[in-house]
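Given next are the chains, with one letter for each unit.
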Amino acid sequence: MAVSMTDQCLANNKRYAEGQANHKPAYPGKQPIQPAKRVAVVACMDARLDVEDLLGLQTGEAHIIRNAGGVVTDDAIRCLIISHHLLNTNEIILIHHTRCGMLAFTDDLLKAGLEGDPASEKVLGQATGRTFVSCGKCAATPAQFHAFRGEIEPLDAPRDEKNMQRLQWDVRRGLSAILNHPWLPSSGTDAVSARGFIYDVDTGQLDEVSYPGPMGPAA
Ligand SMILES: [Zn+2]
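Residues numbered from 1 in each chain as written. Predicted model: local features only at pLDDT ≥ 70, side-chain atom pairs only at ≥ 80, totals over all residues.

## A look at the sheet that holds strand 2 (residues 62-67)
With respect to topology, five strands assemble into an open sheet ordered 2-1-3-4-5, the strand pairing being mixed. Each having just a single partner strand, strand 2 and strand 5 (206-209) make up the two edges of the open sheet. Recorded for the sheet is a direction-independent mean angle of 25° between the axes of neighbouring strands. The pairing of strand 3 (residues 91-97) with strand 4 (residues 193-199) spans seven bridges and is parallel. Bridging across to strand 4, H96 finds its partner in I198. Contacting strand 1 (39-44), strand 3, strand 4 and strand 5, helix 1 (residues 5-17) runs over the sheet at an angle of about 40° to strand 3. Here helix 3 (residues 74-85) sits on the sheet in contact with strand 1, strand 2 and strand 3, set at roughly 175° to strand 2. (Pairing = 2+ DSSP bridges. Helix = DSSP H or I, 4+ residues; strand = E, 2+ residues; numbered from the N terminus. Axes fitted to C-alpha atoms, helices over the stretch in contact; angles between N-to-C directions. Contact = placed C-beta atoms within 7 Å.)

In structure tokens:
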């Protein structure tokens, strides 16, 4: 059986974590619009993730879709549908990571802080180590920030069992959104595969998240 691109990316990641350079930085010359490796990656915007490097993907080989958390939002789904049906990708790699900022707040807390709630301002200031300056105004958008479910923790807290569980929950939620979407076929001749991972920013390594898997309460 042929090795999937996702498995090849995992092998590249092992080398990356050992300190080897994977990504060629120079302009590659003229290339087709379709990603050569037929891969689409959804990943967090965190500054410590260099997605092409950590997966060993070169310019022209993959779509890289990034947002706060690597959350599979409506917009990420929109991108994935276009990526598959119009640009021929057929493997999706979803990446969350340790020490993610999305573990350190809740949607209600951030909204209240932005609107001017003094207690929320104080908590957010303490959580981020930055003076949180309220805007003192309401806003209709964004409807959601998609902070990860579970009890919040200090920003940039090291990996532990509890925050790994919270990350796994959101990876599974994202995989569910992808694998159950009617416009992203998961079987048949035009099937798209999707696998989810947690990237450890302290080691450079990817750990796969089982799917389906437990979605229980925080321990
Ligand atoms: Zn993050």
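## Focus on the pairing of strand 1
Looking along a regular strand, one sees the side chains alternate between the two faces of the sheet. Among the six residues in strand 1, six count as buried, and that is most of the element. Along strand 1, one buried face is formed by V39, V41 and A43 and the opposite face, lined by A40, V42 and C44, is buried too. Direction of pairing for strand 1 relative to strand 2: parallel, over a ladder of six bridges. The residue of strand 2 that forms the bridge with V41 is I64. Relative to strand 3, strand 1 runs parallel, the two being bridged by five bridges. (Buried ≥ 20, exposed ≤ 12 C-beta atoms within 10 Å, placed from the backbone.)

## Focus: helix 6 (residues 161-179)
Relative to the 27 Å expected for 19 residues at 1.5 Å per residue, helix 6 spans 26 Å between its end C-alpha atoms, a close match to the ideal helical length. For helix 6, every residue scored as buried is listed here: N163, L167, Q168, W169, D170, V171, G174, L175 and I178. In the core, the buried residues of helix 6 are packed alongside strand 1, helix 3, strand 3, strand 4 and strand 5. (Expected span 1.5 Å × (residues − 1).)

## Some details on the domain arrangement of the chain
When cut into domains, the chain gives domain 1 (5-34 + 42-102 + 156-209) and domain 2 (106-144). For domain 1 and domain 2, the distance between their C-alpha centroids amounts to 29 Å. (Domains from an automatic or database assignment.)

## Observations regarding the nonpolar core
Judged by nonpolar contacts, the single largest core of 46 residues is most densely connected at V41, V42, I92, L94 and I95. Among the elements that line this core, the one with the most residues is strand 1, at six residues. Setting aside chain neighbours within four positions, we find V41 in contact with V51, L55, A62, H63, I64, I65, I93 and I95. (Core = buried A, V, L, I, M, F, W, Y, C linked by C-beta atoms within 7 Å.)

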